[in-house]
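An overview of the molecular structure
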Amino acid sequence: MMESPDHGGGQGSVDTGSWIRGFHPVPDPAARLVCFPHAGGSASFFFPLSRDLAQRGVEVLPVQYPGRQDRRAEPNVPDMAVMADRVAEALAPRLDRPFALFGHSMGATLAYEVARRVQDAGRAPVALFVSGRRAPHRVVDDGLHLLSDRELVEDIMALDGTESGMFGDPELLDLVLPAIRSDYRAAETYRYVPGPQLRCPVHALTGFSDPRVEVGELHHWAGCTDGPFELQVYPGGHFYLTDHAEAITTGIAERLAAATAAA
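Being a predicted model, the structure only gives us computed values, none of them experimental.

In terms of regular secondary structure, the protein is built from 6 helices and 8 strands. Ordered by position from N to C terminus, the α and β elements of the protein give β-β-β-α-β-α-β-α-β-α-α-β-β-α. Among the 263 residues that make up the protein, the fraction classed as buried is 54%. Here the analysis covers contacts within the protein between residues at least 6 apart in sequence; of these, 80% occur between residues at least 24 apart. If you sum the accessible surface of the protein, you get close to 11100 Å²; carbon and sulfur atoms cover 52% of it.

Strand order in the open sheet made by the 6 strands is β4-β3-β5-β6-β7-β8, with parallel pairing throughout. For this open sheet the edge positions go to β4 (58-62) and β8 (229-234), each flanked by a neighbour on one side alone. Strand-to-strand twist of the sheet, defined as the mean angle between neighbouring strand axes without regard to direction, takes the value 20 degrees. In this structure, strand β6 (residues 127-131) lies alongside strand β7 (residues 202-207), joined through 4 bridges in parallel fashion. When the sheet's bridge partners are listed, Leu 128 is paired in β7 with Val 202. Contacts between helix α1 (residues 47-54) and the sheet are confined to β3 (31-36) and β4, with β4 contributing the most and set at about 160 degrees to the helix.

The subject of this paragraph is the confidence of the model for the protein. Here the protein shows a mean pLDDT of 88. Residues at 70 or above account for 87%. Segment residues 1-16: pLDDT under 50, and 47 contacts once partners within four positions in sequence are set aside and those in other chains are kept.

Among the nonpolar cores identified, the biggest contains 75 residues, and Leu 33, Phe 36, Val 114, Leu 128 and Trp 221 are the most heavily contacted of them. Element by element, the count of residues in this core is highest for helix α3 (residues 106-120), at 8 residues. Leaving out residues up to four positions away in the same chain, Leu 128 has contacts with Leu 101, Ala 111, Tyr 112, Leu 198, Cys 200, Pro 201, Val 202, His 203 and Trp 221.

Quick notes on the rules
Residues numbered from 1 in each chain as written. Predicted model: local features only at pLDDT ≥ 70, side-chain atom pairs only at ≥ 80, totals over all residues. Heavy atoms only, no water. Helix = DSSP H or I, 4+ residues; strand = E, 2+ residues; numbered from the N terminus. Buried < 20%, exposed > 50% of the residue type's maximum accessible area, 1.4 Å probe, protein only. Contact = heavy atoms within 4.5 Å. Areas by Shrake-Rupley, 256 points an atom, 1.4 Å probe, with all protein chains shown as cover. Pairing = 2+ DSSP bridges. Axes fitted to C-alpha atoms, helices over the stretch in contact; angles between N-to-C directions. pLDDT = per-residue confidence, 0-100. Core = buried A, V, L, I, M, F, W, Y, C linked by side-chain atoms within 4.5 Å.

Structure (structure tokens):
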């Protein structure tokens with residue numbers, strides 16, 4: 001799913017640093033959920049989740065990658081490890097409450113790498129939610145970041161299942177394609193480095209008909225933690241989340257409440 005670069009940080013957004021956004025601040029939150037967008041995505045993708053979880057006392061902190069929306073003028077970062085380092089650093093002041101991480105597609109890998117970094121620093125998350133992505137040690141390079149612009153657009157349209165108007169607007173494409181290509185490169189050139197296991201529960205989610213990753217691949221996330229593992233499969237493709245927003249919001253809230261109580 002793609003958002004227009006003009007939707008940006010937007011009215012009502014609270015800027016908590018270049019990397020972290022807060023659309024719906026929660027006074028004295030029970031927990032925080034840090035959300036990592038997919039390749040080509042932006043913080044605003046999580047606006048509905050932020051709104052709905054705020055009503056349950058959970059403050060959502062979406063991550064804003066460079067090269068899009070209000071960070072459009074900044075250079076893209078086509079390296080997963082560099083992004084993870086920078087996000088972990090930016091998050092440090094916000095980890096004074098129980099927190100979990102949620103990442104979709106490329107964002108799942110990035111969320112995992114940030115979880116490793118903050119755990120190593122002594123601030124372990126209470127849970128990791130990963131969506132629509134192979135486990136880190138199972139990532140493959142499909143070479144999508146090497147496609148021509150036309151081929152890249154065709155791939156995105158097939159994955160997204162929408163007829164977005166931006167694909168017919170050359171000026172808009174010029175704005176969004178560099179960020180998409182950079183994210184694809186970061187995702188595909190990522191290489192897993194063995195290290196300590198996570199200690200928190202890992203909850204994997206996916207769409208049954210996702211053309212990017214077979215359901216069976218999600219089971220490999222169990223090998224990333226010494227804690228419990230759970231897999232939830234929903235009808236739909238790569239962006240099944242938009243069709244099951246209420247169920248996913250409820251599931252995250254319930255699991256986050258249980259993990260926070262256990263911690």
